[in-house]
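Coordinates in review
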Amino acid sequence: MPSPSLIDSIYSNKILMIRPRRNRRSSAIRAMVSETSLSASDFILPMFLHEDQEDTPIPSMPGVTRWSLASLVREAGEAHALGIPAVVLFPKIDESLKSALAGESHNDEGLVPRAIRAIKAAHPTLCVITDVALDPYNSDGHDGIVGRDDCGDLTILNDETVEILCQQALSHARAGADIVAPSDMMDGRVAAIREALDSEDFTDVLILSYTAKYASAFYGPFRGALDSTPKEGDKKTYQMDPGNLREAIRETLLDEAEGADMLMVKPAGIYLDVIAKVRETTTLPVAAYQVSGEYLMLKSAAAGGWLDERAAVLESLLAIKRAGASMILTYFAKQAAEWLAAT
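A few points on the structure.

The rules behind each value
Residues numbered from 1 in each chain as written. Predicted model: local features only at pLDDT ≥ 70, side-chain atom pairs only at ≥ 80, totals over all residues. Heavy atoms only, no water. Core = buried A, V, L, I, M, F, W, Y, C linked by side-chain atoms within 4.5 Å. Buried < 20%, exposed > 50% of the residue type's maximum accessible area, 1.4 Å probe, protein only. Helix = DSSP H or I, 4+ residues; strand = E, 2+ residues; numbered from the N terminus. Contact = heavy atoms within 4.5 Å. Patch = residues over 30% accessible without salt bridge, like charges linked within 9 Å, V, L, I, M, F, W, Y side chains within 5 Å. Areas by Shrake-Rupley, 256 points an atom, 1.4 Å probe, with all protein chains shown as cover. Salt bridge = Lys/Arg side-chain N within 4 Å of Asp/Glu carboxyl O. Pairing = 2+ DSSP bridges. Right-handed = clockwise from strand over helix to strand, strands pointing away.

Below, the discussion takes up the nonpolar core. Core analysis: the biggest nonpolar cluster contains 100 residues, and L89, I193 and Y289 have the highest contact counts within it. In terms of residue count, the dominant contributor to this core is helix α5 (residues 158-175) (eight residues). Among all residues touching Y289, those that are not within four sequence positions of it are P46, F90, Y210, F222, M264, V265, K266, P267, A268, E294, L329 and Y331.

What follows is the structure in structure tokens.
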């Protein structure tokens, strides 16, 4: 930085030697000095699926669909053809299959294992990531097994939940998942899942841990897509307080020590400071999830004519990457990939 005396000299002589705008003078120069850029390979496409043969548009998320199995495979292939390297699967489970112990979550012939096998058979080079959590399968709508404390109040049973999460991760690994992504926020689940996978010789299956998943108000449209809203209480005893940053560092250090291969921050756009701090803390790849509420805000503003959708979406994704994300889960993945290919 120039010294005060130099600055005084520059301005007293009315001579500007230092002109940062020279580096912005043309598109060619701006491209050469650009610090952050986007490509399709930065994106992971979240995909919703169900047992129905018909595809169902999701009212709370305009432009997003809950896919039948056949359509899921086709849509995943289209994403891969655009250069998107990975998809992550989120199932809507029929109410009749939900239970207090979420037994359907580790059914080897369940919806997700069948979807994994179908995608990998059709698109073997596409990376398949699975959500490891109990809320789609739990009749209580929570990410863990529900119990009661001595006062009769609802509590989430951590260790009992982890045992089931391990079974769920193994079921996904047997079906051919490349990466399992525990999103439940139970303590110790990364180490337990790593041990379970290794004990069954799935040493090459990666763990993408939802390391800093906040109890955010921006998940509403997603819960509508999966019909997974808690029947009682909320998720604040296991998801993180939105006011906490240092706690994210504690979770980062724990997940890294327990054997996670990648870490995630969720949500993304309103937690850029957390992404940056996690990036500074670890050498592991950092993912960030641009969640349903962030998606819906951009879509709604664009539909109302208040924002240029393409420009706003790409800027939002660029900001997430600039903050330190190595990969971005976004419902805009296909659109963004198409936009970038056209530039």
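Attention shifts here to a nonpolar patch on the surface. Among the surface-exposed residues, I15, M17 and I18 lie close enough to one another that they form a single nonpolar patch of about 300 Å² accessible area. Position of M17 among the secondary structure elements: in the loop between α1 (4-12) and α2 (27-33).

This part is about the pairing of strand β9 (residues 206-213). If a strand is regular, its side chains alternate between the two faces of the sheet. Of all eight residues that make up β9, seven are buried, and the element is covered over most of its length. Pairing analysis gives two bridges linking strand β8 (residues 179-182) to β9, with the strands arranged parallel. Directly across from V180, in β9, lies its bridge partner I207. Following the chain from β8 across helix α6 (residues 189-199) to the adjacent parallel β9, one finds a crossover that is right-handed. Pairing between β9 and strand β10 (residues 262-266): five bridges, direction parallel. When the sheet's bridge partners are listed, K213 is paired in β10 with K266.

Going through the model one piece at a time under the given rule, you end up with 18 salt bridges. Across the pair R74 and E78 runs a salt bridge, and its minimum N-O distance is 3.8 Å. Here the residue R74 and the residue E78 both occupy positions in helix α3 (residues 69-81), the gap between them amounting to four residues, near one helical turn. A salt bridge links K334 to E78, with the nearest nitrogen and oxygen atoms 2.8 Å apart. Taken together, the residues span a long stretch of sequence, with K334 in helix α12 (residues 333-342) and E78 in helix α3 at a distance of 256 residues. Classification of K334 by relative accessible area gives buried; the value is 16%.

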